[in-house]
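Overview (structure and organization)
Here is how the chains run, residue by residue.
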Amino acid sequence: MTSRAEKLLRSMSEDVSALQDYLHSHNLPELSIEEDVPFQFQTNPNFSTRRDSAIKACRELIALLSGSLGTLVNQTPHAIANTQAVCKFNIASNLTEDSDVTTYNELARRCRLPETEIRRIVRALIPSHVFREYSDGRVAHTAASKLLAVDPIMREWIDLSVTEMIPAVLKFPDAMEMWPGSEEPNRTGYSLAHDTQDMAFAHMAKFPGRSERFMAAMKLFSRAPENSPRYLVENYPWAAIGRGGVIVDIGGSSGEYSIPILQTFTNLQVIIQDLPEVIGKFDDRELPDNIKDRVSFTVHDFFTKQPVQGADVYLLRWILHDWSDTYAINILRALIPALHLKSKILINEHILPLPGEAPVPQEMALRTFDTSMRAFTNGKEREVSDWEDLIARADNRLKIEKIETPEGSALGIIVVGWEPSKEV
Ligand SMILES: C[S@@+](CC[C@H](N)C(=O)[O-])C[C@H]1O[C@@H](n2cnc3c(N)ncnc32)[C@H](O)[C@@H]1O
């Protein structure tokens, strides 16, 4: 049987052939993104009908290939605002009440909203393959709308995007204009959008539930396979560190990424450092018997001198991208008094690909992250040359020994060694 994806591909291929024939027979240039190709044929119905049909098939194919999660996280601002309304008024979860299909009228009753509102919100999302409508007028789930119904973390992520992230992103050009070249974490799109002098995390902490929502939404990333801790476990020579080896997980939060290392490598122990309010949440948590004596939680501000001398590994996972170069350099410099010859700084962060270097979905996701980091804290994702520059500027005795993104992993691994014999 021909699959839906194959049918779409076939219809797209027919449409594109018809488009090419049309262009050819009218002596028009081929479809192209080159700057000198005019786009003057869109109003001719012989062209536009085929083009619209190809775009429709192409969009559905993208939805099929992206899956429900990809469909929801890659929405336009207008679609995501409608999706937030779906979450706020429990439209998706009310659709699942007994079956996954019902009338707009019944859905309106369950959601306690006027039917016209429900229909308007749902129909705004149907072109993005979030909900569908049958020919008899009943509304039904797609995989994406069902995900909204069943997954609270997905709903938190939508809410966080619409209320914290997108307003900040839309304001970053204004922030650039207002504070040219600023590296301060409180002179950002976020500051303007939320009218605050505090940096984003401090601002959120002042309102009940906002930091918690941020943490909950971030779980969407931690459970993605490409962010799995296994890449850190598998791509560093942990076994080569002698018995009693020490990892310091700086800004380590719950230790989600360092504790799995201990599960495989019994020669190691980990010291997790973070701010007091974070450490307070985790330091008495239950850990499996085989590791609990090898894990400790301590309060440490990573802008101040590192107190653990001569650890084997100082792990910075998803820390430096929160900060502009000035601040990231300060975080690295705070480690220097603690480094011994054997010590390594292990940076586990995105390494931005150059244009065309990575598959487009990955490139788009990482550039989106970069824009979000800029809008939130004046942080940034970094290309290889940015990492080289950052580390050289922090101290010329720091030497990058390895910089690569393991296959399948979203995050790269940058191993930085210490060569004190170099001139400062
Ligand atoms: C993006 S999270 C990364 C957490 C963890 N490393 C991971 O990969 O999941 C950043 C962490 O840095 C911590 N942090 C922020 N400012 C800090 C500071 N000045 N000193 C220590 N930790 C800090 C936050 O509390 C948070 O746990």
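Residues numbered from 1 in each chain as written. Predicted model: local features only at pLDDT ≥ 70, side-chain atom pairs only at ≥ 80, totals over all residues.

1. A closer look at the pairing of strand 7 (residues 313-317)
- Strand 7 sits mainly inside the fold: five of its five residues count as buried.
- Neither face of strand 7 is exposed, since Val313, Leu315 and Arg317 on one face and Tyr314 and Leu316 on the opposite face are all buried.
- Note: strand 7 against strand 8 (residues 344-349), five bridges, orientation parallel. Looking at the pairing, Leu315 lines up with Leu346 of strand 8.
- Read from strand 7 through helix 17 (residues 325-333) to strand 8, the crossover connection turns out right-handed. (Buried ≥ 20, exposed ≤ 12 C-beta atoms within 10 Å, placed from the backbone. Helix = DSSP H or I, 4+ residues; strand = E, 2+ residues; numbered from the N terminus. Pairing = 2+ DSSP bridges. Right-handed = clockwise from strand over helix to strand, strands pointing away.)

2. Structural notes on the pairing of strand 5 (residues 268-274)
- Burial analysis of strand 5 places six of its seven residues in the buried class, the great majority of the element.
- Pairing analysis gives six bridges linking strand 4 (residues 245-250) to strand 5, with the strands arranged parallel. Looking at strand 5, one finds that Val246 is bridged to Gln269.
- Handedness of the β-α-β unit built from strand 4, helix 14 (residues 259-264) and strand 5 comes out right-handed.
- Relative to strand 6 (residues 295-299), strand 5 runs parallel, the two sharing five bridges. Bridged to Gln273 within strand 6 is Thr298.

3. Some words on the nonpolar core
- Of all hydrophobic cores here, the largest spans 42 residues; its most connected members are Ile247, Val270, Tyr314, Leu315 and Leu346.
- Excluding residues that lie within four positions of it along the chain, Leu346 makes contacts with Tyr236, Val313, Tyr314, Leu315, Ile413 and Val415.
- Ranked by size, the runner-up nonpolar core spans 39 residues in total, among them Ile91, Phe131, Ala144 and Met165. (Core = buried A, V, L, I, M, F, W, Y, C linked by C-beta atoms within 7 Å. Contact = placed C-beta atoms within 7 Å.)

4. Describing the environment of Ile400
- Tracing the sequence through the fold places Ile400 in strand 11 (residues 398-404).
- In this structure the C-alpha to C-alpha distance between Ile400 and Ile414, which are 14 residues apart in sequence, comes to 7.0 Å.
- When neighbours within four sequence positions are excluded, Ile400 is seen to be in contact with Glu388, Ile391, Ile414 and Val416.

5. Notes on the UniProt feature "domain: O-methyltransferase C-terminal" (unreviewed entry) in the protein chain
- Under the present numbering, the feature "domain: O-methyltransferase C-terminal" (unreviewed entry) in UniProt falls on residues 245-394.
- The span residues 245-394 carries 37% helix and 22% strand; its end-to-end C-alpha distance comes to 26 Å. (UniProt positions renumbered as here; feature names shortened; annotations may be inferred.)

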